[in-house]
Amino acid sequence: MISSYPDSRGTCVRVDLHAIAHNVRAIRRELGEQVQLMAVVKANAYGHGLIPVAQTALQNGASCLAVAMPEEGRRLREAGVQAPILVLGNVTAAGAEISVREGLIQTVFDPAGVRCLQNACARQNQPVQVHLKLDTGMGRIGARDADEVRAALAALADAPLVRLTGAFTHFADADNPDDSFSREQFARFMRLTEMLPAGLTLHAAASDASLRFPWARLNMVREGIAIYGCPTADYGLHLRPAMQFETRVSYVKAVAPGDTVGYGRAFLADRPLRVATLPVGYGDGYPRACSGRASVLLHGQLCPVLGRVCMDQMMVDVSHVPDVAAGDTAVLMGSQQGASITPQQLAEWAGTICYEIMLSPHARVPVIYEDEETKGKNANAE
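Residues numbered from 1 in each chain as written. Predicted model: local features only at pLDDT ≥ 70, side-chain atom pairs only at ≥ 80, totals over all residues. Heavy atoms only, no water.

Looking now at the overall build of the protein. Within the protein, the secondary structure is distributed over twelve helices and 20 strands. In terms of overall dimensions, the protein has a C-alpha envelope of 75 × 45 × 40 Å along the principal axes. Within the protein, the proportion of its 382 residues that are buried is 53%. For the protein, the proportion of contacts with a sequence separation of at least 24, taken over those separated by at least 6, is 68%. A total accessible area of about 16,300 Å² is found for the protein, and carbon and sulfur atoms account for 50% of it. Within the protein, one finds 35 positive and 39 negative side-chain charges whose respective centroids are separated by 2 Å. (Helix = DSSP H or I, 4+ residues; strand = E, 2+ residues; numbered from the N terminus. Buried < 20%, exposed > 50% of the residue type's maximum accessible area, 1.4 Å probe, protein only. Contact = heavy atoms within 4.5 Å. Areas by Shrake-Rupley, 256 points an atom, 1.4 Å probe, with all protein chains shown as cover. Lys, Arg positive; Asp, Glu negative; His and termini not counted. Charge placed at Lys NZ, Arg CZ, Asp CG, Glu CD.)

Applying the stated criterion to the full structure yields 14 salt bridges. Between Glu246 and Arg14 there is a salt bridge, with its nearest N and O atoms 3.1 Å apart. In this pair, Glu246 is assigned in strand β10 (residues 243–248) and Arg14 in strand β1 (residues 12–16), connecting sequence segments 232 residues apart. What makes Glu246 buried here is its relative accessible area of 5%. Note that Arg144 is salt-bridged to Glu148, the shortest N-O span being 2.7 Å. (Salt bridge = Lys/Arg side-chain N within 4 Å of Asp/Glu carboxyl O.)

We now examine the packing of aromatic side chains. Each aromatic ring pair is summarised here by two numbers: the centre-to-centre distance and the angle between the ring planes. Inspection of every chain in the model, using the stated rule, returns five aromatic pairs. A ring pair is formed by Phe171 and Phe213, whose centres lie 5.9 Å apart and whose planes are at 75 degrees; its orientation type is edge-to-face. You can see Phe171 sitting in the loop between β7 (162–168) and α8 (180–193) and its partner Phe213 sitting in the loop between α9 (207–212) and β9 (220–223), a full 42 residues away along the chain. Note on Phe186 and Trp215: the rings are 5.4 Å apart at their centroids and 70 degrees apart in plane angle, and the pair reads as edge-to-face. Here Phe186 is found in helix α8, whereas its partner Trp215 is found in the loop between α9 and β9, with 29 residues between them in sequence. Residue classification places Phe186 among the buried residues on the basis of a relative accessible area of 13%. Since its relative accessible area comes to 28%, Trp215 is described here as partly exposed. Ring pairs connect the aromatic residues Phe171, Phe186, Phe213 and Trp215, which therefore count as one cluster. (Phe/Tyr/Trp six-rings, centres within 6.5 Å; stacked < 30°, edge-to-face > 60°.)

With 14 residues, α8 should cover 20 Å at 1.5 Å per step; its first-to-last C-alpha distance of 20 Å lies within 8% of that length. All of the buried residues in α8 are Ser182, Gln185, Phe186, Phe189, Leu192 and Thr193. When α8 is viewed along its axis, its buried side chains cluster within an angular range of 125 degrees and face the same direction. Looking at the buried residues of α8, the elements they touch are α7 (146–157), β7 and β8 (201–203). (Expected span 1.5 Å × (residues − 1). Arc of directions from axis to C-beta.)

Okay, the pairing of β7 next. Across the seven residues of β7, five count as buried, placing the element largely inside the fold. The parallel pair strand β6 (residues 128–133) and β7, bridged by α7, forms a crossover whose chirality is right-handed. Sheet topology note: the β7/β8 ladder contains three bridges and is parallel. Following the sheet pairing, Gly166 is matched in β8 by Thr201. (Right-handed = clockwise from strand over helix to strand, strands pointing away. Pairing = 2+ DSSP bridges.)

Moving on to the confidence of the model for the protein. On average, residues of the protein score 95 in pLDDT, and 97% of them are at 70 or above. Low pLDDT, under 50, characterises residues 375–382; the predicted model gives this stretch eleven contacts beyond four residues in sequence or across chains. (pLDDT = per-residue confidence, 0-100.)

Unoccupied space between atoms shows up once a probe the size of one water molecule is rolled over them. Considering only enclosed or pocket space, the largest pocket measures out at about 780 Å³ in volume. Taken together, 32 residues form the lining of the largest pocket, with Lys42, Tyr46, His170, Ala206 and Tyr355 sitting closest to its centre. Of all the secondary-structure elements, those providing two or more residues to the lining of the largest pocket are α2 (42–46), α9, α10 (343–350) and α11 (354–358). For the lining of the largest pocket, the element with the highest residue contribution is α9, accounting for three residues. Split by residue class, the lining of the largest pocket holds 20 nonpolar, six polar and six charged. (1 Å grid on protein atoms, 1.4 Å probe; cavity = no way out; pocket = protein on both sides within 12 Å on 5 of 7 lines; lining within 4 Å. Points joined across faces, edges and corners; volume = space filled by probe spheres on them. Nonpolar A, V, L, I, M, F, W, Y, C, P; charged D, E, K, R; others polar.)

What follows deals with unusual backbone geometry. Unlike most non-glycine residues, Tyr235 shows phi in positive territory, near 60 degrees. By the element assignment, Tyr235 lies in the loop between β9 and β10. Using a relative accessible area of 28% as the deciding quantity, one classes Tyr235 as partly exposed. Positive phi is not limited to glycine here, since Gln337 has a value of about 50 degrees. Look at Gln337 and you get exposed, because its relative accessible area is 65%.

Let's shift gears to the environment of Leu17. If you trace the backbone, Leu17 turns up in helix α1 (residues 17–31). On the basis of relative accessible area, Leu17 is assigned to the buried category, the value being 15%. Sequence separation between Leu17 and Asp371 is 354 residues, and the spatial gap between their C-alpha atoms is 5.3 Å. Filtering out sequence-adjacent residues up to four positions away, Leu17 remains in contact with Pro52, Val53, Thr56, Tyr369 and Glu370.

Nonpolar side chains tend toward joint burial in soluble globular proteins. Val41, Tyr286, Val296, Met314 and Val316 are the most contacted members of the largest nonpolar core, which totals 118 residues. In terms of residue count, α1 provides more of this core than any other element does, seven residues in total. The residues contacting Tyr286, other than those within four sequence positions of it, are Phe245, Gly281, Ala294, Ser295, Val296, Val305, Val309, Met314, Leu332 and Leu346. One finds Leu273, Val275, Leu306 and Met315 within the second-largest nonpolar core, a separate group that totals eight residues. (Core = buried A, V, L, I, M, F, W, Y, C linked by side-chain atoms within 4.5 Å.)

Right, dumping it as structure tokens:
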């Protein structure tokens, strides 16, 4: 739900498009002019908003986009995006029709996929570009060896409307300090690409690999988590997380020693406390796994989550922040008064990864898009 304001509870996700722009420009400078930057905007741009993020990335140095399925590419075309768009997933009969109609670049790796696309091209009387996926160790999809590459190339030779313009692979362990498996994958990829026609666009490195392994950049890299400000390391680029998840305090009360808080009486007070209730919970995408483990920010101070996170509410200890009152803004993820809770930190508390955290806020949470101009306007409007 896109909005200019938080909902009646004061709950919203704020997406800082200026941070997205900054991150794309910083990565663009690091890559140099010879390497294209493909912005990965699948899964609603990792929860940040497919169309606003795609447009921002293209305006700040990305030359093309990647999505997981053709329907995402179709949404971008309907929004007027004309840049090249690669569909990273395997082709299906229904997806082939969309990819051909919308002028998307479709991933292929076997004869069945090539034939599926050729049939769609023949029905629509127009060609389609494809990138050949090579599985060098991820174990997901892709041609795995020379025989499978030859089979795909033979199918392409019999499919005059399916035009091979690139090839790619994906590192399985790019954030491991021991890069030996990544180097093995890269060597395998380069051996297999020797079988392909010259002049193709080759890409192997996604965010962490592109910043850790300059030797793997080739002529294009795929930037996903990095443009959202959350790679494994910053790599000296001063990348900025672009998402903030916040709400407002609905109630503050005193809790006496011996009182319990929440379902299952999971928290037992051993001293007098002041406890704030926040009108947000796992029904909004805040992880229930954070129960009794996470903190939120109030007045720039970390306030521990007490007891179990409910579907629509949660409780936090504000005993050390005496001025907290109903209506105060609580930051579940993001920054406040110089303090911050990063997606990585929230993911650690929840026992998951930051990718899942950024995709967690649910449809009933309004999304507010901000840049340097709108930040002040939204703040004043509240």
